[in-house]
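Each chain, written out:
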Amino acid sequence: MSLIYGLITGILFGIIMQRSGILSYEKQIGALRLIDMTVFKVMLSAIIVGAIGIYFFKDIGVIKLSLKGTSIGAQVIGGLIFGVGWALLGYCPGIAAGALGEGHLDALWGILGMLFGGAVYAVIYPFMKKYIISIGSFGKISLPQILGINHWIVIVVFSILMVVLFRFFEKKGL
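Reading the values: the criteria
- Residues numbered from 1 in each chain as written.
- Predicted model: local features only at pLDDT ≥ 70, side-chain atom pairs only at ≥ 80, totals over all residues.
- Heavy atoms only, no water.
- Phe/Tyr/Trp six-rings, centres within 6.5 Å; stacked < 30°, edge-to-face > 60°.
- Helix = DSSP H or I, 4+ residues; strand = E, 2+ residues; numbered from the N terminus.
- Buried < 20%, exposed > 50% of the residue type's maximum accessible area, 1.4 Å probe, protein only.
- 1 Å grid on protein atoms, 1.4 Å probe; cavity = no way out; pocket = protein on both sides within 12 Å on 5 of 7 lines; lining within 4 Å.
- Points joined across faces, edges and corners; volume = space filled by probe spheres on them.
- Nonpolar A, V, L, I, M, F, W, Y, C, P; charged D, E, K, R; others polar.

S.K.: Go over the packing of aromatic side chains, please, and point to the residues and values.
M.R.: Tallied over the full model, the rule gives 7 aromatic pairs. When the centroid spacing of 6.2 Å and the interplanar angle of 70° are considered together, the rings of Y25 and Y91 count as edge-to-face. Of this pair, Y25 sits in helix α2 (residues 25–32) while Y91 sits in the loop between α4 (72–89) and α5 (93–101), and the two are 66 residues apart along the sequence. Classification of Y25 by relative accessible area gives partly exposed; the value is 38%. Y91 sits in the buried class, given a relative accessible area of 2%. Between the aromatic rings of F127 and Y131, the centroid separation amounts to 5.0 Å while the plane-to-plane angle is 40°, which identifies the pairing as tilted. Taken together, the residues F127 and Y131, both in helix α6 (residues 108–132) and 4 residues apart, mark about one turn of the helix. Given a relative accessible area of 47%, F127 falls into the partly exposed group.

S.K.: Describe in detail unusual backbone geometry, supporting the description with residues and values.
M.R.: In this model, L34 sits at a positive phi of 60°, which is unusual for a non-glycine residue. Tracing the chain through its elements places L34 in the loop between α2 and α3 (38–59). L34 sits in the exposed class, given a relative accessible area of 55%.

S.K.: Give a description of the layout of surface pockets that names residues and reports values.
M.R.: The calculated volume of the largest pocket comes to roughly 970 Å³. In this structure, the largest pocket is lined by 31 residues; those nearest its centre are A74, I77, G78, G79 and I81. Among the elements of the structure, β1 (70–71), α4, α6 and β2 (137–139) are those that each provide at least two residues to the lining of the largest pocket. With 11 residues, α6 is the single largest residue contributor to the lining of the largest pocket. A class-by-class count of the residues in the lining of the largest pocket yields 17 nonpolar, 12 polar and 2 charged. In this model, the second largest pocket occupies a volume close to 490 Å³. Looking at the second largest pocket, it is lined by 15 residues, and the ones nearest its centre are T9, F13, A46, V49 and G50. Among the secondary structure elements, those contributing two or more residues to the lining of the second largest pocket are α1 (2–20) and α3. Per element, the largest residue contribution to the lining of the second largest pocket is 8 residues, and it comes from α3.

Put into structure tokens, the structure is as follows:
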């Protein structure tokens, strides 16, 4: 049943990406050049909706969270690889899959790159675990745990900040 839920939510997210226009190369480059905030608005909206949904289902006992350990070393290296790949290709990973589905064959290079990167990571994982993942390792923590406050406070404050940011983008025509 989990696979069916994943398939349904994936299809819905794909529809949202397609309807918002963020699958286009121009929108992606606009985001990278900070002249079109459509991609950021869609992604931040997805984060807010996801946080509300995940914590709602957690609180009513439908799901259990399984946090991944925080590693500054892994985050920095992964973020750099992600950013360079997005800048070179013009698509981030999820967008590349959607763009390929929309017929943009140039996105195939990104998908092949992701598969290659995953294979390389599998091979070098023992090295990564020993030397990189241990850098800045904080264990399985979340922002509400760090702050020592209820997760709903973090979600509400983040949501308010995003609405203010979205309004700023709209006033600036971004």
